[in-house]
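Fold and geometry: a report
Chain residues, written in single-letter form:
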Amino acid sequence: MEDLVKDLQIAKQSTWAERERLSNKFEEERKINLANKGILEWVTDNVRKGNKELQEKMVLLQKEKDQLTLQYKERRKGVDVMNEELQKKIAEYSKWTETGKSSESETKKRVTAIHELKERLKKETDILKKLKQQIKDVQDKQREERENAKAQMTAIKGSAEVRQKVELEERHQLEQQNKAMVADELDKMNIEIEQEKLEIQVKMTEGKKYTPQEGAALEIQVVELKANKAVVAYQLQTLQHEKNRLAKELEDVYKLHKDEMEIQQLQHFQTFRSYREMFEEQKAALDQRYRQLLEDSIQDAVFLSSRNNELTEENGELKQSVAEMKDVITKLGGRIPSGTV
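Residues numbered from 1 in each chain as written. Predicted model: local features only at pLDDT ≥ 70, side-chain atom pairs only at ≥ 80, totals over all residues. Heavy atoms only, no water.

For the structure shown, the criterion picks out seven salt bridges. In this structure, Arg 76 engages Asp 80 in a salt bridge whose closest nitrogen and oxygen atoms are separated by 3.0 Å. Here Arg 76 pairs with Asp 80, and both are found in helix H3 (residues 39-98), just four residues apart, close to one helical turn. A residue is classified by how much of its surface remains accessible, and Arg 76, at 18% relative accessible area, is buried. A relative accessible area of 31% places Asp 80 in the partly exposed class. Between Lys 248 and Asp 252 there is a salt bridge, with its nearest N and O atoms 3.3 Å apart. Of this pair, Lys 248 and Asp 252 both sit in helix H6 (residues 212-331), four residues apart, which is roughly one turn of the helix. Accessibility expressed as a relative area gives 38% for Asp 252, which makes it partly exposed. (Salt bridge = Lys/Arg side-chain N within 4 Å of Asp/Glu carboxyl O. Helix = DSSP H or I, 4+ residues; strand = E, 2+ residues; numbered from the N terminus. Buried < 20%, exposed > 50% of the residue type's maximum accessible area, 1.4 Å probe, protein only.)

Below is the structure:
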């Protein structure tokens, strides 16, 4: 009974802060135990493992892209030098043939040199195309990894504003990549155009003549290309306007969504505040009720304990009286004293 009274008094005197302190203490002890067993580190590493692997992949892909880009630039410089050299040889050959002093052996020598340089230029151009394709493959891998990272990010709960900024940055990076791809394609097209020009110049130096039908076909092709160029330019301009309009609409929709979310959050906060106030009132009423019950229980326990002590003392006194009476009866030879009747 005394232990029960002691436990009741401890429960009555303990506050919420004391219970929270004990809970934090037990939590720290669990963390220490988990850390000693190596489990806590394993759990933490698993949380950060995905992001770390993704970053390592992106770093490796970026290094590979930088190396390929450096090789491409070096090869491109060589191709430009060879282009200039080939044009120079063709120009010198044209001037030399116009003088009328050309011999068959010298002509053959110059034409052979032009063809050899042209073949070398073609091989270097093919290597440039392969490097460009490799760079494109690496860019596709980077884009795929970014898409995977974006998919993982959308699964994580977070601020809508942060997600919007990340998506905006992703769109900006995609736009920059597309611009780089367009510039690369233009660069590639210019190389092919220069190659075609050189081939035409070589044919002209070799005495290639165009028939009236071929000339007319080429003029028609030029007219069609000019018309297509104007249409494509207009399409690009239209697409740019549409892109700007969609970007503005997306920004407006985001702002509207943000405002609606803020209003909804305020409404939720108001609802939760009302529930919390009602809960606090119920909690206070229950706390008062059970504290009163606890106090009554403690008082009853104290009363019963004191009453038990009194009864124990009375029982002891009675036992002592009975023992004394037994002693008297024994001394009188089994007769009960007259004073006790």
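Moving on from the coordinates now.
A few words on the nonpolar core. Core analysis: the biggest nonpolar cluster contains 19 residues, and Tyr 72, Leu 86 and Leu 121 have the highest contact counts within it. A per-element tally of this core places H3 first, with nine residues. Ignoring sequence-local partners within four residues, the contact set of Leu 86 consists of Ile 114, Leu 117, Lys 118, Leu 121 and Leu 198. (Core = buried A, V, L, I, M, F, W, Y, C linked by side-chain atoms within 4.5 Å. Contact = heavy atoms within 4.5 Å.)

As for its position among the elements, Leu 198 is in helix H5 (residues 160-205). We classify Leu 198 as buried; its relative accessible area is 1%. On a C-alpha basis, the gap between Leu 198 and Gln 87 in space is 7.1 Å, while along the polypeptide they are 111 residues apart. Not counting the four nearest positions on each side in its chain, Leu 198 is found in contact with Asn 83, Leu 86, Gln 87, Ile 90 and Leu 121.

On the surface, Leu 266, Phe 269, Phe 272, Tyr 275 and Met 278 cluster together to form a nonpolar patch covering roughly 580 Å² of accessible area. Within the element layout of this structure, Leu 266 appears in helix H6. The exposure class assigned to Leu 266 is exposed, which follows from its relative accessible area of 59%. (Patch = residues over 30% accessible without salt bridge, like charges linked within 9 Å, V, L, I, M, F, W, Y side chains within 5 Å. Areas by Shrake-Rupley, 256 points an atom, 1.4 Å probe, with all protein chains shown as cover.)

Attention now moves to the packing of aromatic side chains. Inspection of the entire model under this criterion finds zero aromatic pairs. Sitting above the plane of the Tyr 290 ring, Arg 289 keeps its charged end 5.6 Å from the centroid. (Phe/Tyr/Trp six-rings, centres within 6.5 Å; stacked < 30°, edge-to-face > 60°. Lys NZ or Arg CZ within 6 Å of the ring centre and 35° of its normal.)

Take the environment of Glu 92 next. Within the secondary structure layout, Glu 92 lies in helix H3. Residue classification places Glu 92 among the partly exposed positions, given a relative accessible area of 39%. Between the alpha carbons of Glu 92 and Arg 110 there is a distance of 9.4 Å; along the sequence they are 18 residues apart.

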